[in-house]
There are 2 protein chains.
Amino acid sequence: MATLADVARHAGVAASTVSYVLSGKRPVSDETRERVARSIELLGYQPHAGARALASAKSNVLALVVPLGRDLYVPVMMDIAIAVTTMARRFGYDVLLLTNDEGPAGIQRVATSARADAVILTDVGMEDERIAMVRETGIDAVLIGVPADSDGLNCVDLDFARAGALCVEHLAGLGHREVAFIGEAQGIYQRHIGFAERTLGGIRDAAAQAAMNLVHRPCGASYEAAAGVLARILEERPRTTGLIVQNEAVIPSLLSLLRTAGRIVPEDVSIVAVCPDQVAQQTSPQLSSVNLPAAELGTRAVELLMRRMADGADGEVVLIPPTLTVRGSTGPAAAASRG
Amino acid sequence: MATLADVARHAGVAASTVSYVLSGKRPVSDETRERVARSIELLGYQPHAGARALASAKSNVLALVVPLGRDLYVPVMMDIAIAVTTMARRFGYDVLLLTNDEGPAGIQRVATSARADAVILTDVGMEDERIAMVRETGIDAVLIGVPADSDGLNCVDLDFARAGALCVEHLAGLGHREVAFIGEAQGIYQRHIGFAERTLGGIRDAAAQAAMNLVHRPCGASYEAAAGVLARILEERPRTTGLIVQNEAVIPSLLSLLRTAGRIVPEDVSIVAVCPDQVAQQTSPQLSSVNLPAAELGTRAVELLMRRMADGADGEVVLIPPTLTVRGSTGPAAAASRG
DNA sequence: TTGAAAGCGCTAACAG
DNA sequence: CTGTTAGCGCTTTCAA
């Protein structure tokens, strides 16, 4: 590969001049710049990433830490990863993929080896052990999710509490008084993952406010799990007319089960989900839902990170306001009572 | 951060000695090694990745190129990414995530900037334009998928032709003579993605062999698409008793539709899928299926890559033999005919 | 078995 | 506006 020195020689200028036309960090005459540009083009020159990282003390890489398990909704993770990568490129950054089995040590490794300039954490728990490592190493970081103590941290997330409340308010407005919340798998709550706890909190508060009877049922991804949970709900609380669902994996099973049970949606039972719009639009009937804007989370995380690296300001929590779209899966509770 | 020089000073040895205890590339006395190790530990020393890359001309990074779209089954991609990352770490490599919107240019960029030592390509088409770039830059590469001309290339894939054949043979063995293949979205075939074409080929050949009547119907991911495709199959070929499905996203919809239509699985219609075991086990009834071993693909790709980087040998195509697991979704065709 | 020293390719003062 | 030069932290000859 051609080096910067090759380019300098070819263009008849000093190495620093080439460096400066590349970085724009000091003025270069149009003529010189053009000549250098031509040489770069001609020689197919690309700066050596390692050399640059060494000399500038900046790797232009950011690390994205993703969970391994399958208990988090995978397409959301993937969308976040793609969005982060795409947006990072716009700022000249590459993205290093870190799995969570390295744990906090992975963060330490990339931080102290200068492999990455910053990290983006996903799957953030209320008490997340990785945060201590972020603080210790002092590496720039953005969390997708909000821990219990977000002091001084940069966080981006959907306002899940509000999202939950929106679901409740929507159902309450339609006259539903007996509602079940089919949530994420038990493991998610046990790990105190922020979004799950916050959604639950938002739902509970809003339900209390609306004098609505609410039960929360965690639910695994399998058809059997869904069947079990639904059966139990219908048995223990036969007057249930509203379902809030936050486990995207379970949606198809749920719809199928209701159909089999002869419960028509939304005449007999209304469903409102917290999931990506794309998922809500793929079912029949399409689901009334609060959108989970996965790509936006990734995009905003990178934007926030770049802003912070530039201004070095203190932590900031960006909560994206949720929006509920009414589709075909919710209707007045009156209809159900009439039956 | 502590540098190698700091460690050397602290241990009272030359910098080179520290380097050599780290790399093991030349013998170091036990005593010296211990002393250096202690200093490393004490100072929390981590080699600077950029400096190392510069001096050694090796980045210890490999790039993973993933598609952006949602037309490929996302959980499979994610499993591959996780497996690649996990296995790469075992060899001391980090993984850079590249999205396909940079196209071949992305490969060129990481290759010529020495950001990565090798690339792993996914979503490989029969005529994949990225291959030319791999050849041009001479970067080490492994493809997950097999292009039409795999000459000199390292490829890892499930033997999809055989996988398709297995499905046909299973159904044929049960007496099914009228079978429909519900495949990937049209776009996948238009892009000539290898695995889709090979599965189709394997199915067609085996069907001809078995004197089976076969239709191929590409199918999008939405419920409506599934409904349309299924309705058309049942209308045009009412005697259809067997379904082969290769679009995992459509499976829940399909099962739901059949249930609604009063067609019992497997009494009225048998279904065999090509999908991850986990998906097949999550439905009711569980699906007879050929496993799509996503994680294994990733693992094997890294292993093959490491072997190649070590021995520099020529291209090799690793085809993983498929296995079919009989579950509850397939039964004798006789039952259907009786109806 | 170890040390000294010359780069790897680039950036960023410092000079002019 | 441009050139000179001193590193960045590591690997790897070359010497001992």
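Residues numbered from 1 in each chain as written. Chains lettered and ligands numbered in written order. Predicted model: local features only at pLDDT ≥ 70, side-chain atom pairs only at ≥ 80, totals over all residues. Heavy atoms only, no water.

Caption draft 1: Main features of the overall build of chain A. What chain A contains, in helices and strands, is 15 helices and twelve strands. Computed over C-alpha atoms, the radius of gyration of chain A comes to 25 Å, more than 25% over the 20 Å expected from 2.2 N^0.38 for 339 residues, which places it beyond the range of a compact globule. Within chain A, buried positions represent 54% of all 339 residues. In chain A, the proportion of contacts linking residues at least 24 apart, taken out of those at least 6 apart, comes to 70%. Element-wise, carbon and sulfur atoms account for 51% of the exposed surface of chain A, whose accessible area totals about 13,700 Å². The centroid of the 31 positive side-chain charges in chain A is displaced by 3 Å from the centroid of its 38 negative side-chain charges. (Helix = DSSP H or I, 4+ residues; strand = E, 2+ residues; numbered from the N terminus. Rg over C-alpha atoms; globule rule 2.2 N^0.38 Å. Buried < 20%, exposed > 50% of the residue type's maximum accessible area, 1.4 Å probe, protein only. Contact = heavy atoms within 4.5 Å. Areas by Shrake-Rupley, 256 points an atom, 1.4 Å probe, with all protein chains shown as cover. Lys, Arg positive; Asp, Glu negative; His and termini not counted. Charge placed at Lys NZ, Arg CZ, Asp CG, Glu CD.)

Caption draft 2: Broad picture of the environment of Leu-214 of chain B. Residues and elements named next belong to chain B. Tracing the backbone through its elements, the reader meets Leu-214 in strand E7 (residues 213-217). We classify Leu-214 as partly exposed; its relative accessible area is 21%. Residues Leu-214 and His-192, 22 residues apart in the sequence, show an inter-C-alpha distance of 21 Å. Contacts of Leu-214, omitting those with residues within four sequence positions, involve Val-179, Phe-181, Ile-203, Arg-204, Ala-207 and Arg-237.

Caption draft 3: Broad picture of the nonpolar core. Counting 166 residues, the largest nonpolar core has Leu-62 of chain A together with Leu-62 of chain B as the members making the most contacts within it. The residues touching Leu-62 of chain A, leaving out its near neighbours within four places in the chain, are Val-84, Ala-88, Tyr-93, Asp-94, Val-95, Leu-96, Ala-116, Ala-118, Ile-120, Leu-305 and Met-306 of chain A. By size, the runner-up hydrophobic cluster in this structure holds 42 residues, among which are Leu-98, Leu-121, Ala-141 and Leu-153 of chain A. (Core = buried A, V, L, I, M, F, W, Y, C linked by side-chain atoms within 4.5 Å.)

Caption draft 4: Quick look at the UniProt feature "domain: HTH lacI-type" (unreviewed entry) in chain A. Here, UniProt's "domain: HTH lacI-type" (unreviewed entry) annotation points to residues 2-56 of chain A. With 71% helix and 0% strand, residues 2-56 of chain A has its two end C-alpha atoms placed 20 Å apart. (UniProt positions renumbered as here; feature names shortened; annotations may be inferred.)

Caption draft 5: Here's a closer look at the relation of the copies chain A and chain B. Overlay of chain A on chain B (RMSD 0.1 Å): rotation 180°, translation along the axis 0.1 Å. Taken together, the rotation and translation relating the two chain copies correspond to the operation of a two-fold axis. Comparing interface residues between copies, 100% of those in chain A also lie at the interface in chain B; the contact surface is shared. (Least-squares fit on C-alpha atoms with pLDDT ≥ 70 in both.)

Caption draft 6: Expanded view of the protein's contact with DNA strand D. Around DNA strand D, the surrounding shell holds 27 residues, and the nearest of these are Arg-26 and Thr-32 of chain A together with Leu-4, Tyr-20 and Tyr-45 of chain B. Here DNA strand D approaches the protein such that, of its atoms within 4 Å, sugar and phosphate make up 53%. Here Arg-26 of chain A contributes a side-chain N or O atom positioned 2.5 Å from a base oxygen of DNA strand D. Here Leu-4 of chain B contributes a backbone N or O atom positioned 2.3 Å from a phosphate oxygen of DNA strand D. Only helix H2 (15-23) and helix H4 (49-56) of chain A together with helix H2 (15-23) and helix H4 (49-56) of chain B provide two or more residues apiece to the surface near DNA strand D. The residue inventory of the surface near DNA strand D, partitioned by class, reads twelve nonpolar, eleven polar and four charged. (Near = heavy atom within 4 Å. Polar contact = N/O pair within 3.5 Å; in protein donor to acceptor, adjacent residues only side chain to side chain. Nonpolar A, V, L, I, M, F, W, Y, C, P; charged D, E, K, R; others polar.)

Caption draft 7: Examining the protein's contact with DNA strand C more closely. Inspection of the region around DNA strand C gives 27 residues, with Leu-4, Tyr-45 and Arg-52 of chain A together with Arg-26 and Thr-32 of chain B positioned closest. If you look at DNA strand C and keep only atoms within 4 Å of the protein, 57% of those are sugar or phosphate atoms. Between DNA strand C and Ala-51 of chain A, the relevant distance is 3.4 Å, taken from a base nitrogen to a main-chain nitrogen or oxygen of the residue. Mapped onto the surface near DNA strand C, the elements with two or more residues apiece are H2 and H4 of chain A together with H2 and H4 of chain B. Top element by residues in the surface near DNA strand C is H4 of chain A. It accounts for four residues.

Caption draft 8: Region of the structure containing the interface of chain A and chain B. Each side of the interface is counted separately: chain A has 52 residues, and chain B has 52 residues. Together, the buried faces of chain A and chain B total about 4,800 Å²; carbon and sulfur atoms form 58% of this surface. Taken together, chain A and chain B are joined by six salt bridges. A salt bridge links Arg-109 of chain B to Asp-94 of chain A; the shortest N-O distance between them is 2.8 Å. Where chain A packs against chain B, one counts 19 residue pairs in polar contact (both at pLDDT 80 or more). Those elements giving two or more residues to the side of chain A that touches chain B turn out to be H4, strand E1 (61-66), helix H5 (74-90), strand E2 (94-99), helix H6 (103-112), helix H11 (223-236) and helix H12 (251-260) of chain A. Considering every element that reaches the side of chain A that touches chain B, the biggest residue donor is H5 of chain A, with ten residues. Considering only residue class, the side of chain A that touches chain B consists of 24 nonpolar, 18 polar and ten charged. (Buried area = accessible area lost by both parts, 1.4 Å probe. Salt bridge = Lys/Arg side-chain N within 4 Å of Asp/Glu carboxyl O.)

Caption draft 9: Expanded view of the domain arrangement of chain A. Domain assignment breaks chain A into domain 1 (1-57) and domain 2 (160-293 + 324-337). Taking the mean C-alpha position of each, domain 1 of chain A and domain 2 of chain A sit 58 Å from one another. (Domains from an automatic or database assignment.)

Caption draft 10: Summary view of the side chain of Arg-327 of chain B. Residues and elements named next belong to chain B. Note on placement: Arg-327 falls in the loop between strand E12 (324-325) and helix H15 (333-338). Of note is the side chain of Arg-327, whose polar atom sits 3.1 Å from the side chain of Asp-277. One polar contact links the side chain of Arg-327 to the main-chain carbonyl oxygen of Leu-287, over a distance of 2.8 Å. Sequence-distant contacts of Arg-327, that is, excluding residues within four places in its chain, are made with Asp-277, Ala-280, Gln-281, Gln-286, Leu-287, Ser-288 and Ser-289.

Caption draft 11: Main features of the packing of aromatic side chains. Residues and elements named next belong to chain A. Applying the stated criterion across every chain yields a total of two aromatic pairs over all chains. Note on Phe-160 and Phe-195: the rings are 5.2 Å apart at their centroids and 50° apart in plane angle, and the pair reads as tilted. Pair noted here: Phe-160 is in helix H8 (residues 160-173) and Phe-195 is in helix H10 (residues 194-209), with a separation of 35 residues, a long-range link. Taking relative accessible area as the criterion, Phe-160 reaches 4% and is therefore assigned buried. (Phe/Tyr/Trp six-rings, centres within 6.5 Å; stacked < 30°, edge-to-face > 60°.)

Caption draft 12: Seen up close, the pattern of salt bridges. Evaluated as defined, the whole model comprises 40 salt bridges over all chains. The shortest N-O distance in the salt bridge between Arg-300 of chain A and Glu-296 of chain A comes to 2.7 Å. Note that Arg-300 of chain A and Glu-296 of chain A are positioned in helix H14 (residues 294-311) at a spacing of four residues, about one turn of the helix. Each of Arg-89 and Asp-94 of chain A together with Glu-102, Arg-109 and Arg-115 of chain B takes part in one network of salt bridges that share partners.

Caption draft 13: Structural context of the sheet that holds strand E10 (residues 288-291) of chain B. Residue and element names in this part refer to chain B. Reading across from one edge, E7-E6-E8-E9-E10-E12 is the order of the six strands in this open sheet, with mixed pairing throughout. Every interior strand has two partners, whereas the edge strands, E7 and E12, have only one. Examined bridge by bridge, strand E6 (residues 178-182) and strand E8 (residues 242-245) share four bridges and lie parallel to one another. Within E8, the residue paired with Phe-181 across the bridge is Ile-244. Of the strands in this sheet, E6, E8, strand E9 (270-275), E10 and E12 are in contact with helix H8 (residues 160-173), which crosses E9 at around 165°. Relative to E7, helix H10 (residues 194-209) is tilted by about 165°, and along the sheet it contacts E6, E7 and E8. (Pairing = 2+ DSSP bridges. Axes fitted to C-alpha atoms, helices over the stretch in contact; angles between N-to-C directions.)

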